[in-house]
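Each chain is listed here by its residues.
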Amino acid sequence: AQSVAQPEDQVNVAEGNPLTVKCTYSVSGNPYLFWYVQYPNRGLQFLLKYITGDNLVKGSYGFEAEFNKSQTSFHLKKPSALVSDSALYFCAVRAAQDNDMRFGAGTRLTVKP
Amino acid sequence: DAGITQSPRHKVTETGTPVTLRCHQTENHRYMYWYRQDPGHGLRLIHYSYGVKDTDKGEVSDGYSVSRSKTEDFLLTLESATSSQTSVYFCAISNVGGTSTDTQYFGPGTRLTVL
């Protein structure tokens, strides 16, 4: 069965600095990978996904992620963090042939002014 | 929230009582999902539907049942609620075809407390 690990519960960065939120995965077959963001008392909002093609995926709000097959990773990045990026971020994976999507436990990103 | 509503948004109930949560979509998407969100666990899939009257179990289906009699509605039922089912429940939808293929879009959530 597929699984996702987000090794950091919390990431703190200063506004204007680059940010990285880490994600590694395990899946049988080709992975479909996703990043979602959750603001307080809200549902999850889709940021970006990797299905196939270019390993560097660009998404909403200036975020991007790089699919690394050899390291089974899909880290989320942004060149310059904003205070408004502070939220809970979830990585998710499913196998191409499966409907069962597995989420990581989440990483809380705090961007300080 | 992508044309998805959940009702109720908040509910407090007692152990042993039945509870039904409703998810309604206006997007005409084929797939619908129920997840629960608990601290330290992220989101875990309870059940999903791939069409009217077509459902399947997810990772944490014990104690839950679902029904989908119309494309737009997906009901989650706790037959006899337990305190371990206190959680925030999210509905999601997805479709096939186009650039949104395989992307799940989430509703606003229902906070359920079982006393």
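Quick caveat: nothing in here was measured; it's all calculated off a predicted structure.

1. Observations concerning the overall build of chain A
What chain A contains, in helices and strands, is zero helices and 12 strands. Counting from the amino terminus, helix and strand elements in chain A follow one another as β-β-β-β-β-β-β-β-β-β-β-β. Its C-alpha atoms give chain A a radius of gyration of 13 Å, near enough to 13 Å, the size a compact globule of 113 residues would have. Projected onto the principal axes, the alpha-carbon positions of chain A cover approximately 45 × 30 × 20 Å. Within chain A, the fraction of its 113 residues that count as buried is 49%. Sequence-distant contacts, at least 24 apart, represent 57% of the contacts inside chain A between residues at least 6 apart. For chain A, the accessible area works out to roughly 5200 Å², and carbon and sulfur atoms hold 47% of it. Looking at charge distribution, chain A has the averaged site of its 11 positive side-chain charges lying 2 Å from that of its 9 negative ones.

2. Points about the environment of B:Leu115
Residues and elements named next belong to chain B. For leucine 115, the position within the fold is in the segment after β11 (110-114). Its relative accessible area of 62% is what places leucine 115 among the exposed residues. As a C-alpha pair, leucine 115 and alanine 81 span 34 residues in sequence and 9.1 Å in three-dimensional space.

3. Section: the side chain of A:Arg102
Mapping A:Arg102 onto the fold places it in strand β11 (residues 102-103). In this structure the side chain of A:Arg102 is engaged in a polar contact, spanning 2.9 Å, whose partner is the side chain of A:Asp100. In contact with A:Arg102, other than residues within four places in its own chain, are A:Gln2, A:Ser3, A:Val4, A:Cys91, A:Ala92, A:Val93 and B:Glu59.

4. Some thoughts on the packing of aromatic side chains
In total, this model carries 16 aromatic pairs over all chains according to the counting rule given. Ring plane angle 70° and centroid distance 6.2 Å describe the contact between A:Phe46 and B:Tyr105, whose orientation is recorded as edge-to-face. Taken together, the residues A:Phe46 in strand β6 (residues 44-50) and B:Tyr105 in strand β10 (residues 105-106) connect one chain to another. Classification of B:Tyr105 as partly exposed rests on a relative accessible area of 25%. Here a set of aromatic residues connected by ring pairs shows up, and it is made of A:Phe34, A:Tyr36, A:Phe46, A:Phe103, B:Tyr31, B:Tyr33, B:Tyr35, B:Tyr48, B:Tyr50, B:Tyr105 and B:Phe106. Positioned above the aromatic ring of A:Phe63 is the side chain of A:Lys78, whose terminal nitrogen or guanidinium carbon lies 5.0 Å from the ring centre.

5. What about the interface of chain B and chain A?
The partner chain A presents 21 residues to the 25 residues of chain B that form the contact. Ranking the residues of chain B by area buried against chain A places B:Leu43, B:Asp102 and B:Phe106 at the top, with a combined share of 28%. Summed over the shared surface of chain B and chain A, the result is one salt bridge. Residue B:Glu59 pairs with A:Arg102 through a salt bridge whose shortest N-O separation is 3.6 Å. At the boundary of chain B and chain A, one finds three residue pairs in polar contact (both at pLDDT 80 or more). Within the side of chain B that touches chain A, the residues separate by chemical class into 10 nonpolar, 10 polar and five charged.

6. Overview of the pairing of strand β9 (residues 73-78) of chain A
On a regular strand, one side chain projects to one face of the sheet and the next to the other, so that they alternate. Residues and elements named next belong to chain A. Across three bridges, strand β3 (residues 19-21) lies against β9 in antiparallel orientation. Note on β9: the bridge partner recorded for valine 21 is leucine 76. Note: strand β8 (residues 64-68) against β9, five bridges, orientation antiparallel. Of the residues in β9, the one forming a bridge with phenylalanine 67 is phenylalanine 74. The hairpin turn running from β8 into β9, its antiparallel successor, is four residues long, and threonine 72 in that turn takes a positive phi close to 45°.

Thresholds applied
- Residues numbered from 1 in each chain as written.
- Chains lettered and ligands numbered in written order.
- Predicted model: local features only at pLDDT ≥ 70, side-chain atom pairs only at ≥ 80, totals over all residues.
- Heavy atoms only, no water.
- Helix = DSSP H or I, 4+ residues; strand = E, 2+ residues; numbered from the N terminus.
- Rg over C-alpha atoms; globule rule 2.2 N^0.38 Å.
- Buried < 20%, exposed > 50% of the residue type's maximum accessible area, 1.4 Å probe, protein only.
- Contact = heavy atoms within 4.5 Å.
- Areas by Shrake-Rupley, 256 points an atom, 1.4 Å probe, with all protein chains shown as cover.
- Lys, Arg positive; Asp, Glu negative; His and termini not counted.
- Charge placed at Lys NZ, Arg CZ, Asp CG, Glu CD.
- Polar contact = N/O pair within 3.5 Å; in protein donor to acceptor, adjacent residues only side chain to side chain.
- Phe/Tyr/Trp six-rings, centres within 6.5 Å; stacked < 30°, edge-to-face > 60°.
- Lys NZ or Arg CZ within 6 Å of the ring centre and 35° of its normal.
- Buried area = accessible area lost by both parts, 1.4 Å probe.
- Salt bridge = Lys/Arg side-chain N within 4 Å of Asp/Glu carboxyl O.
- Nonpolar A, V, L, I, M, F, W, Y, C, P; charged D, E, K, R; others polar.
- Pairing = 2+ DSSP bridges.

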